[in-house]
Each structure stands twice: as structure tokens, then as C-alpha cells.
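Observations on the three-dimensional arrangement
Chain residues, written in single-letter form:
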Amino acid sequence: MDLSGLFPCLEESSYQRFFRRLIVCGFIGVLGSEISADDVENGLRVISHRGPDGAQATMMGQLSLASCRLAIHPPYDESPLQYSDKEVIALNGEIYNLFELTASPPVDALSVTDTNLLARVLSDRGKTILPALRGLFAFCFSDGQRVLLARDRFGIKPLYYARLQKGLVFASEMKALLSLPGFSRDLDEDVISSISIVGHNLFPGKTPFRQVQSLKPGHYIECSVGEEPQEKPFALIPQVPMAGAGLTAEATAAAERTEELLAASVSRTILHDPHPKALFFSGGLDSSLLLDLARRHAPVTCFVLSDRSDADDLIEARRVAQALGVCLEERSINEEDLAREIVSYAWHFEQPIAGGAFDLFGGVAFHALARSIGKDYKVALCGEGADELFLGYHRLHMRPEIFVESLRNRLRAATPVVRQSLEASHLLEQGPLMSQAVRDLALHQGLSDYHLASVDRSGMAFGLEVRPAYLDNELAAWATSLDESVLIDRNNAWTKLPLRSIAKRRFSQPGTERVAVRRKWAMPSAIQLCSEQMMEHLSAGCTCRAKDENSNLDEILMDLFVYLHVDPGCISPPDFSLIDFVNDLRRPNRMI
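Right, let's walk through the structure included here. (Residues numbered from 1 in each chain as written. Predicted model: local features only at pLDDT ≥ 70, side-chain atom pairs only at ≥ 80, totals over all residues. Heavy atoms only, no water.)

**What to know about the overall build of the protein chain**
Across its full length, the protein chain holds 22 helices and 16 strands. Burial status across the protein chain gives 61% buried among its 592 residues. A fraction of 72% describes how many contacts in the protein chain between residues 6 or more apart in sequence connect residues 24 or more apart. Summed over its atoms, the accessible surface of the protein chain is roughly 22,600 Å², and 49% of this surface lies on carbon and sulfur atoms. (Helix = DSSP H or I, 4+ residues; strand = E, 2+ residues; numbered from the N terminus. Buried < 20%, exposed > 50% of the residue type's maximum accessible area, 1.4 Å probe, protein only. Contact = heavy atoms within 4.5 Å. Areas by Shrake-Rupley, 256 points an atom, 1.4 Å probe, with all protein chains shown as cover.)

Structure below.
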């Protein structure tokens with residue numbers, strides 16, 4: 001298959017030389033199906049934003065595999081897909097400890113890449129090595145007759161699959177699968193209902209599309225043609241203990257162990273390659289700790305987003321960056337920008353933007369900043385995961401009854417399956433069981449299916465690999481073992497106590513004192529003004545089918561999801577704003 005047409009800026013000869021200097025960032029594969037090579041190429045074209053620097057395809061036995069690539073760092077892989085004459089591999093992401101897991105490290109520098117090292121490890125030790133892998137990854141490894149698909153334990157990198165009548169298809173994004181001929185776009189009403197009401201998907205492994213499955217975090221599939229794919233776990237995020245049943249530790253000891261593990265994770269993340277690093281920054285607790293730890297290893301440029309010059313996040317970010325002597329890049333956003341970013345985000349996100357009991361616009365703000373960072377950087381760090389591991393959502397953990405009441409108010413619109421799931425989960429109760437259910441919801445459903453899915457899509461939309469440095473195997477195991485009393489102080493309404501203790505010691509110079517005591521502001525605070533302006537603009541002339549403003553916005557965004565992905569779906573990023581979309585909806589004959 002000749003994929004050079006996807007990247008016309010490269011001549012054939014230079015293209016052949018160029019793709020060998022790349023790392024896989026998106027792939028699509030077909031095992032034992034009659035889907036043609038041209039259809040696979042079209043599927044890859046839909047997700048070519050994940051790897052704008054090149055593409056490659058190979059066929060072995062009953063497997064067709066194609067990838068698009070993002071060039072990040074040397075040394076480079078000679079042949080990223082064709083590992084040997086008997087095996088092929090496609091890797092999306094970075095694995096930080098492959099070299100130390102390799103029994104006989106290669107002496108050829110050109111083969112020392114994540115892709116090639118992973119193939120060596122899998123060829124030597126098979127799937128037994130999966131629990132030891134550290135990093136963010138989704139991959140396919142195959143001999144042409146049998147495939148091994150796996151996804152990291154946190155679900156940082158995505159991997160979707162579908163069972164066809166004569167085979168199996170899989171890809172880094174659902175759009176690639178939905179583009180295949182005859183592929184169903186029928187929606188799963190229970191998943192849609194769950195997202196609309198809770199803000200998260202309550203059904204692990206399911207997606208908004210009935211035919212598409214999401215490989216669950218920390219799971220793998222190993223199957224041959226004709227076999228039913230069965231997911232099996234290899235490493236999961238531990239379940240959190242009931243309040244009073246977890247590990248207790250003195251505050252100083254808890255902070256010291258947390259700092260030790262976090263420092264090691266940041267070191268691995270930032271030193272994995274020599275590429276310049278950016279940081280999604282707010283001047284708050286999570287991002288400031290990452291900055292202070294990362295800057296000791298390599299220069300880091302901070303990026304902050306705001307819709308006004310006196311925004312709290314921007315002021316705090318300036319103080320901390322100046323005190324630490326790091327470069328701060330400020331990015332502005334207005335109502336028009338936001339209206340366009342919502343549509344772009346909705347196309348890349350691949351599921352309804354429906355906050356349910358949560359905020360609608362957090363992912364949109366991240367998306368807007370990723371667009372800016374991606375212009376000059378290919379790797380960025382973010383603080384995703386800190387709130388889930390250390391109980392950082394203040395309202396969720398300090399006043400869970402407010403969250404529960406919001407769910408109850410929305411229950412009338414739930415499908416029976418969603419209602420039963422919520423009732424069985426203890427989320428609608430009061431007391432310790434409800435508190436544990438809220439923490440589990442954030443850590444095991446919200447983290448992967450919402451927050452990390454959003455981070456991955458927004459980064460890859462602009463050729464940017466985003467690395468959540470808090471999501472490390474040992475750090476997660478430590479945080480989830482701690483009793484709730486070690487993490488939060490209900491009497492004084494403080495969350496993330498170990499991280500705050502670290503910050504109190506690290507941030508004592510003028511300009512940084514507030515890091516340890518600052519209350520969390522969600523990222524939408526950066527776009528509060530322009531989001532309010534946009535809502536006024538939308539409601540001013542909109543023929544509302546619901547009087548409640550939020551309900552009306554939910555309805556508009558659901559219509560947008562259906563337009564972009566279902567009826568009939570867009571195969572390339574849309575070029576219109578949410579205001580354009582609403583104005584068009586008011587016309588008798590829609591033109592968009």
C-alpha cells in the first residue's frame with residue numbers, strides 16, 4: 001500500500017527515508033477480514049492528525065496494519081512496523097522502562113526505540129511482560145495470524161475494536177473504524193444516557209456506538225482469525241478502601257513517600273527523550289509541583305490560557321513562573337475562538353460533550369491550549385490524575401450530597417439500565433458507601449473515559465503527545481492504598497493533603513506561598529467570561545426546545561455530536577463554530 005499521498009509534501013524517495021525516522025502515534029489494523037487495503041488507507045487518513053509526519057503500511061499473513069507517525073526523538077527506528085520477517089508491531093505512546101526490561105539490549109543505536117524494544121521484549125517474553133510496563137501505550141503485536149492488543153493500566157492511550165463477521169478490526173480512534181464500509185453508526189442509548197446524566201460512561205468497555213468496543217485500561221486481547229476476542233486484565237488501578245480501612249500514615253511520612261514517588265515519575269517522564277517539553281500550567285498545586293520537579297532536569301516552558309488579563313489563574317501562574325525563573329507563554333481566547341474550539345473538540349472527542357453533573361467546558365479549554373502548544377512543541381506534561389488519586393475535586397468530596405442531588409434530579413431522563421446501575425453503585429445513597437462510590441467513579445470511570453480521552457484527543461489533534469506525570473504505577477498504588485483521612489481534612493475542608501505538604505516545603509519564596517493553600521479552580525475558570533458571552537449569544541436568538549439554559553446547551557451539543565459522528569458523520573475536522581451550527585439549525589433547510 002502506498003500511503004505517500006497522505007503527505008504530498010514528501011517526494012517518494014525522501015518519503016521512504018523519512019518514515020523510518022518516526023514513532024507510531026496512531027494505527028488501524030484488520031485481521032482476517034475482506035476489508036480492502038484502500039479502505040484501511042482511508043481509515044488511516046481520518047486519523048492522520050495523530051501522526052502528521054508520515055505514514056506506513058504493511059501486510060503479513062491475514063493482517064493488514066497501517067500507522068501514522070509523530071516524530072519525537074532520536075535515535076530512530078529502521079522499520080517501525082516490520083520488526084522481523086515473522087512479526088509486525090504498532091505502538092502508540094511511550095514506554096519508559098523498556099531498555100531495562102530487555103534481556104539483551106541491542107547494540108545498534110538505530111534500533112533503540114520504544115517500538116523496536118517493545119517488539120524484542122514481546123518476542124522474547126510474550127504477554128507476561130505486560131504488568132511490568134511503565135508509561136502510556138496501546139499497541140498491536142502480531143505474526144500475521146494471531147494478534148496481541150494491549151492498553152496501559154490507566155487508559156492514557158486509546159484502543160478501539162470491533163468484531164466483524166469474518167474478522168477483527170481495531171484502531172486508535174473510533175473515527176477510523178466508523179469510516180470503514182458497512183460499519184454501523186447505531187448508538188448505544190444506555191451509554192448516551194449515562195454520559196448525559198452523570199457526565200461519565202458507567203459501562204466500561206462500551207462506547208456511544210453499539211458496534212465499537214473500547215479495550216479497557218490494563219487489559220489485553222490475544223486472538224486468531226475466527227476467535228471471539230476476549231479481554232483479560234494484566235494490571236488494574238487498585239480499588240480504593242472504605243474510609244477507615246486504608247493505610248494510615250503520619251502527615252510528614254505520607255508526604256515524603258508521595259514526593260519520592262512523584263519525583264521519580266517526573267524524572268522518567270521528562271528524561272525519556274531530549275525533546276523540549278511544555279507544561280499545561282495554571283499556577284495551582286498540581287502543575288506547580290510538576291514544574292518545580294521537572295525544571296531540575298531540563299528546561300520547561302509553561303503555557304496558560306485565559307480570556308481576560310485579570311483572570312485568577314493567569315495572575316497566579318505569572319507569580320509562580322516569575323518566582324521560579326521559568327518561561328511562561330500566555331494564550332488568550334475570546335467568544336469566537338471558544339465557539340470554534342467547541343466544534344473542533346467535539347469532532348476529536350468522539351462522544352457527546354455532556355457534563356451531566358460535571359462541568360461542560362474543561363476539555364474545551366484544554367483543547368484550545370493544546371492547539372497553541374502544538375504549534376511549537378511535540379511533548380507536553382499535564383497534571384491529569386492528581387485529583388483522582390489524591391481526592392482533589394473539592395465539591396465532589398467535601399459536599400458529595402450536592403453531586404448526588406444533581407444525579408437524582410436528572411434520573412427522570414435516564415434509561416432503566418442507567419437508573420439500575422446508579423442505584424446499584426451506591427452513588428444515590430448517603431454515608432461511607434456513597435463517598436467510596438464517588439471516589440471510585442472519579443478514578444475508574446471518569447479518569448479514563450472522560451479526562452484522559454479528552455487529553456489524548458486534544459493533544460493528538462495538533463500533533464502533541466501529552467504525558468500525565470502523576471499517572472505512574474507505584475505512585476497510583478501508593479495513593480489508592482491511603483485511607484481517606486490521610487488525603488482530606490473534612491473539618492477544615494482541605495483536599496490532597498500529601499501534595500499540599502510537599503508544596504508547603506518546596507514553595508516558600510515570595511510569589512509561591514499561595515501554591516500550597518490555594519483552593520482548586522477548574523480549568524473552565526480560564527474561559528468563564530467568554531463562555532458566558534457565548535451562552536448569551538446562543539440563547540438570544542435560539543428557538544429553545546427547553547427553557548433551562550443548561551438543558552438547551554446539552555441539547556445543542558447532542559445535536560452537534562449526531563451531526564459530526566452519526567448522520568452521516570464528518571471524515572475531516574469541521575470548519576465552523578457552534579454559533580454557526582445553531583444558526584443553521586434554525587433554518588428550514590440545513591446547509592452545514
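**Considerations on the sheet that holds strand β4 (residues 88-95)**
Spatially, the five strands line up as an open sheet ordered β4-β5-β6-β10-β11, and their pairing is antiparallel. The strands lining the two open edges of the sheet, one partner per strand, are β4 and β11 (231-233). Pairwise comparison of adjacent strand axes, ignoring direction, gives a mean angle of 15° for this sheet. One ladder, built from five bridges, connects strand β6 (residues 146-151) with strand β10 (residues 219-224); its direction is antiparallel. Paired with Arg146 across the two strands is Ser224, which belongs to β10. (Pairing = 2+ DSSP bridges. Axes fitted to C-alpha atoms, helices over the stretch in contact; angles between N-to-C directions.)

**Comments concerning the sheet that holds strand β14 (residues 327-332)**
Read across the open sheet, the five strands follow the order β14-β13-β12-β15-β16; overall the sheet is parallel. The sheet is open, and its two borders are formed by β14 and β16 (465-468), each paired with just one other strand. Across this sheet, the average inter-strand angle for adjacent strands is 30°, counted without regard to direction. Examined bridge by bridge, strand β15 (residues 379-382) and β16 share four bridges and lie parallel to one another. If you follow Cys382 over to β16, its bridge partner there is Pro468. This element, helix α9 (residues 312-324), spans β13 (300-306) and β14 of the sheet and lies at about 165° to β14.

**Describing the packing of helix α11 (residues 362-373) against helix α16 (residues 432-461)**
Where α11 meets α16, the axes come as close as 9 Å, and the angle between the chain directions of the two elements is 25°. Between α11 and α16, the crossing angle belongs to the class labelled roughly parallel. Two packed elements cross with a definite hand, and for α11 against α16 that hand is right-handed. Across from Gly363, Phe366, His367 and Ala370 in α11, the residues of α16 making contact are Tyr450, Ser454, Val455, Ser458, Gly459 and Ala461. (Parallel < 35°, antiparallel > 145°, perpendicular 65-115°, else oblique. Left-handed = near helix turned anticlockwise from the far one by under 90°.)

**Comments concerning the pattern of salt bridges**
Scanning the model with the defined rule gives 43 salt bridges in all. Between Arg134 and Glu474 there is a salt bridge, with its nearest N and O atoms 3.0 Å apart. Residue Arg134 is located in the loop between α4 (114-125) and β5 (135-142), and its partner Glu474 is located in helix α17 (residues 473-481); the two are separated by 340 residues in the primary sequence. Judged by relative accessible area, Arg134 falls into the buried class, the value being 14%. Here the residues in one salt-bridge network are Arg50, Lys157, Glu173, Lys175, Glu350, Asp456 and Arg457, joined through shared partners. (Salt bridge = Lys/Arg side-chain N within 4 Å of Asp/Glu carboxyl O.)

**A look at the nonpolar core**
Counting 57 residues, the largest nonpolar core has Leu279, Phe281, Leu289, Leu291, Tyr470 and Leu499 as its most contacted members. In this view, Leu289 contacts Tyr470, Leu499, Ile502, Ala503, Arg506 and Phe507; residues no more than four positions away in its chain are not counted. If you look at the next biggest cluster of nonpolar residues, it comprises 50 residues, including Trp347, Phe366, Leu464 and Cys530. (Core = buried A, V, L, I, M, F, W, Y, C linked by side-chain atoms within 4.5 Å.)

**Notes on the packing of aromatic side chains**
What the rule picks out here adds up to ten aromatic pairs. Aromatic side chains Phe303 and Tyr377 sit 5.6 Å apart centroid to centroid with 80° between the ring planes, which places their arrangement in the edge-to-face category. Taken together, the positions of Phe303 in strand β13 and Tyr377 in the loop between α11 and β15 put the pair 74 residues apart, joining distant regions of the chain. Both residues of the pair, Phe303 and Tyr377, count as buried. Their ring planes at 15° and their centres at 5.0 Å tell us that Tyr345 and Phe349 sit as a pair that is stacked. Taken together, the residues span about one helical turn, with Tyr345 and Phe349 both in helix α10 (residues 335-349) at a distance of four residues. In this structure, Tyr345 and Phe349 share a single accessibility class: buried. A connected cluster of aromatic rings, assembled from ring pairs, spans Tyr345, Phe349 and Tyr450. Residue placement shows Lys175 over the ring face of Trp347; its charged tip is 4.6 Å from the ring centre. Above the plane of the ring of Phe203 lies Lys206, whose end atom (NZ or CZ) is 5.7 Å from the centre. (Phe/Tyr/Trp six-rings, centres within 6.5 Å; stacked < 30°, edge-to-face > 60°. Lys NZ or Arg CZ within 6 Å of the ring centre and 35° of its normal.)

**Re the environment of His565**
Position of His565 among the secondary structure elements: in helix α21 (residues 549-565). In this structure His565 comes out as buried when scored by relative accessible area, which is 2%. Placed 217 residues apart in sequence, His565 and His348 show a C-alpha to C-alpha distance of 10.0 Å. Setting aside residues no more than four positions away along its own chain, His565 makes contact with Lys175, Leu178, Arg185, Phe209, Ala346, Trp347 and Glu350. Looking at His565, its side chain comes within polar contact range of the main-chain oxygen of Trp347, at 3.4 Å. (Polar contact = N/O pair within 3.5 Å; in protein donor to acceptor, adjacent residues only side chain to side chain.)

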